[in-house]
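Remarks on the overall topology
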Amino acid sequence: MGSKYTKRYTEEFKRDAIALVDSTGKTVTAVARDLGISSESLRGWYRQAKTDRGEGRPGELTTAEREELKRLRRQNAEQAKTIEVLRKAAVFFAKESDR
């Protein structure tokens, strides 16, 4: 099974690792091994960096688009909660006005 601890890397470290892949001509797996990190992590960072540069596959979201989508989903959830509270309040007050 996997570890309960997930190591976090700085954005600077990620940028440097991606630059190594681009500048050395080594494979992602070789660079990851040299740095002592997971090749899947580096592969994901590299793929996202290519997408951010406009070199990704069609339909892939850039980091900015992912952040905006996350923000909009959070906002949508908050608004859905507000609407539910207002709906319940309207039902309550409608019942109170009938008395």
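Reference entry: report on the structure contained in this document.

Conventions and cut-offs
- Residues numbered from 1 in each chain as written.
- Predicted model: local features only at pLDDT ≥ 70, side-chain atom pairs only at ≥ 80, totals over all residues.
- Heavy atoms only, no water.
- Helix = DSSP H or I, 4+ residues; strand = E, 2+ residues; numbered from the N terminus.
- Contact = heavy atoms within 4.5 Å.
- Salt bridge = Lys/Arg side-chain N within 4 Å of Asp/Glu carboxyl O.
- Buried < 20%, exposed > 50% of the residue type's maximum accessible area, 1.4 Å probe, protein only.
- Core = buried A, V, L, I, M, F, W, Y, C linked by side-chain atoms within 4.5 Å.

1. Examining the side chain of Gln-48
- With respect to the element layout, Gln-48 can be found in helix α3 (residues 39–52).
- Apart from the residues lying within four places of it in its own chain, the contact partners of Gln-48 are Leu-61, Thr-62, Thr-63 and Arg-66.

2. Digging into the pattern of salt bridges
- This model, assessed by the stated rule, comprises eight salt bridges.
- The shortest N-O distance in the salt bridge between Asp-34 and Lys-26 comes to 2.8 Å.
- The exposed category is assigned to Asp-34, whose relative accessible area is 52%.
- Between Glu-60 and Arg-57 there is a salt bridge; the shortest N-O distance is 3.7 Å.
- According to the relative accessible area criterion, Glu-60 is partly exposed, its value standing at 26%.
- Three or more residues are tied together by salt bridges with common partners; here these are Asp-22, Arg-53 and Glu-55.

3. Side note on the nonpolar core
- In this structure, Ala-17, Ile-18, Val-21, Val-28, Val-31, Ala-32, Ile-37, Leu-42, Trp-45, Tyr-46 and Ala-49 together form the largest nonpolar core, which totals eleven residues.
- Contributions of two or more residues to this core are made by α1 (11–24), α2 (28–35) and α3.
- Among residues more than four places away in sequence, those in contact with Val-31 are Ala-17, Leu-20, Val-21, Thr-24, Lys-26 and Leu-42.

Keep in mind these values describe shape, not function.
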